[in-house]
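# Coordinate inspection notes
Below, each chain spelled out in residue letters.
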Amino acid sequence: MHCVSSKHSVMMVSFCQGALLLGLAAAMAVYADMKVDCGPDFVTLMWTESRPQADTSLLRLGSCFPTSFSSGEAYFYVDLTDCNFRRLVTGDALVYSNDLTYVASADSYNLAFTHPVICAYERPKDWYATIYDPVFKTYSLGDLQFNIGLMNDDFSGPAESTRFPLGSIIPIMASVVQKTHQPLLLLLEECVAATTPELYPESTMYPIISNKGCLLESVSSRSKFEPRQKSSEIRLSLQTFTFAMGEEVFIHCKLLAWDPNGLDSTKKACHFVEGHGWELLDNLAQSNLCDCCESKCKSRRQRSVASEKHGMVQKAVIGPFTITDVNS
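Residue positions are counted from 1 within each chain, in the order its sequence is given. Per-residue local features are limited, in this predicted model, to residues with pLDDT of at least 70; the limit for side-chain atom pairs, both in listing and counting, is 80 or more; totals at the level of whole chains, interfaces and linings are taken over all residues. The side-chain numbers reported here are obtained from all heavy atoms of the structure, hydrogens and water having been left aside.

- The name that an unreviewed UniProt entry assigns to the chain is Zona pellucida sperm-binding protein 3-like, with the source organism given as Gymnodraco acuticeps.

So, in structure tokens, the structure goes:
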């Protein structure tokens, strides 16, 4: 079923499969017809061109080439996770946007153009940003599934609220589920706070963990890593900070599942303890691995194909949650 057809400078709005699709015509008069379906997790687009000299193979949907094309048509069938679709949460809507572009050749009489393609879905009431691609197949590690989330005060279950007064503690727990018997150590390599579920170059960010596992927030607050219950799990008590007060906040992290025997200055979990300085969570006797937290942490070992088999990095998102002013 086709949801929207747009010609020339016509704007069409239609509901399709529970999604609201906006087809906006280009500013110039485009002599073509565009029909789009917004599926639950995919988009199909048919572009019918009336200009005889137009080359439909030069059409692009984001970074994707046409799935098929002929002298007068181009057809795309793509997943929303492909082609550089942009995702944005606005109020009650979950919006995916992209651009259909025509890349004209130098000797062409047909001008290049950009045509926006937007699918807006009703945001599920229980929706929150999930971990991207949680299941991995990698060498002898087998399938890995990463999990991360906001917890209650004693880490015994999920958080009962997503509103945290300024100065309070946000309990965060991450884990990796492994189907093999080979033990893995889970580390938080990097975490930043932002007001969007996706990170963009122009995003305003607040660093929490950086420099390959250094908990920056522990220097000036009560933030700390909690003692491990098991190697495949890591717990963080994060004191709320002054950032985007009253707005939705997301924490973007890089999770690293690593060989427990392969710790170095770039594979570690370090926090600052007043009166003691930087300490290594997993072995106080090796806290010298944290000395670089005040400068730049670099591995003394040369990277090799063999060393890359020791672990897997996974991007993940926590949130949204809100930091509130205790006086409001």
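## Regarding the overall build of the chain
- When you go through the chain residue by residue, the secondary structure sums to one helix and 24 strands.
- Only protein chains enter the accessibility calculation, which uses a 1.4 Å probe; a residue is then buried when its area is under 20% of its type maximum, exposed when over 50%, and partly exposed in between. Looking at the chain as a whole, 49% of its 328 residues qualify as buried.
- Sequence-distant contacts in the chain: of pairs separated by 6 or more residues, those separated by 24 or more amount to 62%.
- Surface exposure here means Shrake-Rupley accessible area, sampled with a 1.4 Å probe, where a residue is shielded only by the protein chains that are shown. In the structure as shown, the chain presents an accessible area of about 17,200 Å², 52% of it carried by carbon and sulfur atoms. Strands are runs of DSSP state E lasting at least two residues, helices are runs of H or I lasting at least four, and both sets are numbered from the N terminus onward. The contact definition used throughout considers only heavy atoms, calling two residues in contact when any of these lie within 4.5 Å.

## Some words on the nonpolar core
- Buried Ala, Val, Leu, Ile, Met, Phe, Trp, Tyr and Cys residues that are joined via side-chain atoms within 4.5 Å together make up what is termed a nonpolar core. Counting residues in hydrophobic clusters, the biggest one holds 50 residues, and the most contacted among them are Ile172, Leu188, Ile208, Phe225, Ile251 and Leu255.
- In terms of residue count, the dominant contributor to this core is strand β21 (residues 248–258) (seven residues).
- Contact partners of Ile208, with chain neighbours within four places excluded, come to Cys191, Val192, Ala193, Cys214, Leu215, Leu216, Glu217, Leu238, Phe241 and Ile251.
- With 26 residues, the next largest nonpolar core counts Val43, Phe76, Leu80 and Leu94 among its residues.

## Quick notes on the confidence of the model for the chain
- The pLDDT averaged across the chain works out to 77; a share of 76% of its residues lies at or above 70.
- Confidence scores here are pLDDT values: one per residue, from the predictor, ranging 0 to 100. Predicted confidence for residues 128–142 stays below pLDDT 50, and this span has 47 contacts to residues more than four positions away or in other chains.

## Considerations on the packing of aromatic side chains
- Centres within 6.5 Å make a pair out of two Phe, Tyr or Trp rings, where for Trp the six-membered ring is used; the pair is then stacked when the planes are under 30 degrees apart, edge-to-face when over 60, and tilted otherwise. Overall, the coordinates contain seven aromatic pairs when judged by the stated rule.
- A centroid spacing of 4.3 Å and a plane angle of 5° characterise the contact between Tyr206 and Phe241, whose relative ring orientation is stacked. Placement of Tyr206 in strand β17 (residues 205–210) and of Phe241 in the loop between β20 (233–239) and β21 is noted, with a sequence separation of 35 residues between them.
- On the basis of relative accessibility, which here comes to 22%, the residue Tyr206 falls in the partly exposed class.
- When its relative accessible area of 3% is taken as the criterion, Phe241 is described as buried.
- Residues Tyr206 and Phe243 carry aromatic rings whose centres are separated by 5.8 Å and whose planes lie at 45° to one another, so their mutual orientation is tilted. One end of the pair, Tyr206, is in strand β17; the other, Phe243, is in the loop between β20 and β21, and 37 residues separate them in sequence.
- Feature note: the residues Tyr206, Phe241 and Phe243 constitute an aromatic cluster, connected by ring pairs.
- A ring is scored as having a charge over it whenever the NZ atom of a lysine or the CZ atom of an arginine sits within 6 Å of its centre and within 35 degrees of its normal. Lys267 extends its terminal NZ or CZ atom over the ring of Trp258, reaching a point 4.7 Å from the ring centre.

## Things to note about unusual backbone geometry
- Following Gly319, the chain continues to Pro320 via a peptide bond in cis, the omega torsion being 10°.
- With respect to the element layout, Pro320 can be found in strand β24 (residues 312–324).
- Positive phi, normally seen in glycine, also occurs at Cys83, with a value near 65°.
- Among the structural elements, Cys83 can be located in the loop between β8 (73–79) and β9 (86–90).

## Overview of the pairing of strand β10 (residues 93–102)
- Most of β10 sits out of view: eight of its 10 residues are buried.
- Pairs of strands are assigned from DSSP output, requiring at least two bridges between the strands. The sheet contact formed by strand β6 (residues 59–61) and β10 spans three bridges and is antiparallel. Across the sheet, the residue bridging to Leu59 is Tyr102, located in β10.
- Sheet topology places β10 next to strand β11 (residues 113–122); 10 bridges connect them, and they run antiparallel. From the neighbouring strand, Thr101 faces β11, where its bridge partner is Thr114.

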